[in-house]
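One letter stands for each residue in the lines below.
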Amino acid sequence: MADERRRGTAGSIDAVGRAVFGSREGQLTSDGRRTGRFVRMLPALLILGGLVFDSLAPPNFTAVPLFVAAPLIAAPFFSQSRTVRTGIAAVLSVMAMRFADGTSTQVVPVIEMITVLTGSVLALVINGVVRRGNEQLASARAVAETAMRAVLPTPAERIGGLQVAARYEAAQADEFVGGDLYAVADTPYGVRVVVGDVRGKGLGAVEAVAVIIGAFREAAEQERSLEGVAQRLERALAREGTRRYGLDAMEGFITAVLAEIPPGSTSLRLVNRGHPEPILLHADGALEVLAPSVPALPLGMNLGAWPDRADEWAMPAGATLLAFTDGLSEARDQNGVFYDPAARLRGRIFPGPEELLSALTDDVRLHTGGRTTDDMALIAVGRPAEGQPVRRTTVKIVGRGDDAGR
């Protein structure tokens, strides 16, 4: 039901993002749409061009390469039936031209017709290979997406009386699983959250994500303190490192931030292990960057026992906690300028966590021009307030006004 509600509100969420930051997503994809239209028209243009060329050129010039190219270009992009129709059109066009000029029984025209027919058959074979490859790729994508949902399930919209939203934005569109992670748990000690980033890529990073999330879900229910949860994660990584014959097998180390929002309290507790500092957004647009009082090493460094210390902040009604990985804070524009989430969000008001994440991810894509180099995990946890206004401010976006010429 939660997924259906999210899909049903996708349009309104995108509208919120455009209202807050503005959007040029249509401009970012317009070139792709124009390219797609050109590719769809290209086989027909080649056949038409061949007919025109053959009618205007001297007899010793031939347009056969254009007719051969038409079905070959259609093969990887079009359906089987359309590829067949393109091949038939190319063959019939050559035959019609040769019958029209009365040379259909001569050796060279016959060879031309056989050449176009052979190219059309080859195009049909290529189309079949491409279709089978696409089916296998679609199956692999479905498996990867299922694995991602198993490792990083979408949290419920309400957990422990709090509003929750999470996003995973892959650096590449075809990727579904990476080294960024998040998890939320409703425990006897309050709602507990972890956001982390494995220093590595590939299946090893995914395995490390699974270890951390599994250990967190168990420790969040059992450990009385947030510091205890962090130590359990540390021990889980140490066990896996031993089982996998060394630290390198566990991708080195993991930065993480753990949060705890006790029930019936307006406080927020954090343990930060070398992770980007979370942000606390207040109902009036004010913002706090939650820097740890004592910097700590990431998890899995194996440099001796680390005395974790939880910091505490006030989280009044209407406030929202935003935690993220460095894929957000290290996103760069074309001039190499890092994205600054605190600067972009200060003074903004959002109806809820889902709208906040939607607007934020849209703004990052705008900042980078749609080119990201690192995965990005975000989670927002809001404490709802009675009578909180559903409004937001519109701000100048990157690329307009004074920045348009950059």
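In this report, the structure presented in the accompanying data block is examined. Quick caveat: nothing in here was measured; it's all calculated off a predicted structure.

Some words on the overall build of the protein
Phase 1: A tally of helices and strands in the protein yields eleven helices and eleven strands.
Phase 2: Looking at the 406 residues of the protein, the share that counts as buried comes to 46%.
Phase 3: Summarising the internal contacts of the protein: among those between residues at least 6 apart in sequence, 74% fall at separations of at least 24.
Phase 4: A total accessible area of about 20,100 Å² is found for the protein, and carbon and sulfur atoms account for 58% of it.

Things to note about a positive patch on the surface
Phase 1: Positive charge collects at one region of the surface, where Arg 37, Arg 40, Arg 82 and Arg 85 lie side by side.
Phase 2: Residue assignment for the positive patch shows that the elements contributing at least two residues are helix H3 (25-56) and helix H5 (80-100).
Phase 3: Structurally, Arg 37 can be placed in helix H3.
Phase 4: Exposure remark for Arg 37: the relative accessible area of 42% places this residue in the partly exposed category.

What about the packing of aromatic side chains?
Phase 1: Evaluation of the coordinates by the stated rule reveals zero aromatic pairs.
Phase 2: A cation over an aromatic ring shows up here: Arg 82 above the ring of Phe 78, its NZ or CZ 4.0 Å from the ring centre.

Considerations on the side chain of Asn 127
Phase 1: Following the sequence through the fold, Asn 127 ends up in helix H6 (residues 107-151).
Phase 2: Discounting residues that sit within four places of it in the chain, Asn 127 has contacts with Ala 75, Phe 78, Ser 79, Gln 80 and Thr 83.

Description of helix H11 (residues 353-368)
Phase 1: The end-to-end C-alpha distance of H11, which contains 16 residues, comes to 23 Å, matching closely the 22 Å that a straight helix rising 1.5 Å per residue would cover.
Phase 2: Of all 16 residues in H11, 14 are buried, a share of seventy percent or more.
Phase 3: In the stretch just after H11, Gly 369 is the one whose phi turns positive, near 70°.

What about the pattern of salt bridges?
Phase 1: The full count for this structure, using the stated rule, is 14 salt bridges.
Phase 2: A salt bridge links Glu 354 to Arg 167; the shortest N-O distance between them is 3.1 Å. Here Glu 354, found in helix H11, pairs with Arg 167, found in strand S2 (residues 162-169); they are 187 residues apart in sequence, far enough to count as distant.
Phase 3: According to the relative accessible area criterion, Arg 167 is buried, its value standing at 17%.
Phase 4: Several salt bridges share partner residues, and in doing so they unite Asp 54, Arg 98, Asp 101 and Glu 112 into one network.

Thoughts on the sheet that holds strand S6 (residues 267-273)
Phase 1: Spatial strand order, S3-S4-S5-S6-S9: five strands in an open sheet with antiparallel pairing. A strand with exactly one partner marks an edge of an open sheet, and here the two such strands are strand S3 (180-187) and strand S9 (311-314). Looking at each pair of strands side by side, their axes are set apart by 20° on average, direction ignored.
Phase 2: When strand S5 (residues 254-261) meets S6, the two strands line up antiparallel, connected through five bridges. The residue of S6 that forms the bridge with Val 257 is Asn 272.

Each value, and the rule that gives it
- Residues numbered from 1 in each chain as written.
- Predicted model: local features only at pLDDT ≥ 70, side-chain atom pairs only at ≥ 80, totals over all residues.
- Heavy atoms only, no water.
- Helix = DSSP H or I, 4+ residues; strand = E, 2+ residues; numbered from the N terminus.
- Buried < 20%, exposed > 50% of the residue type's maximum accessible area, 1.4 Å probe, protein only.
- Contact = heavy atoms within 4.5 Å.
- Areas by Shrake-Rupley, 256 points an atom, 1.4 Å probe, with all protein chains shown as cover.
- Patch = residues over 30% accessible without salt bridge, like charges linked within 9 Å, V, L, I, M, F, W, Y side chains within 5 Å.
- Salt bridge = Lys/Arg side-chain N within 4 Å of Asp/Glu carboxyl O.
- Lys, Arg positive; Asp, Glu negative; His and termini not counted.
- Charge placed at Lys NZ, Arg CZ, Asp CG, Glu CD.
- Phe/Tyr/Trp six-rings, centres within 6.5 Å; stacked < 30°, edge-to-face > 60°.
- Lys NZ or Arg CZ within 6 Å of the ring centre and 35° of its normal.
- Expected span 1.5 Å × (residues − 1).
- Pairing = 2+ DSSP bridges.
- Axes fitted to C-alpha atoms, helices over the stretch in contact; angles between N-to-C directions.

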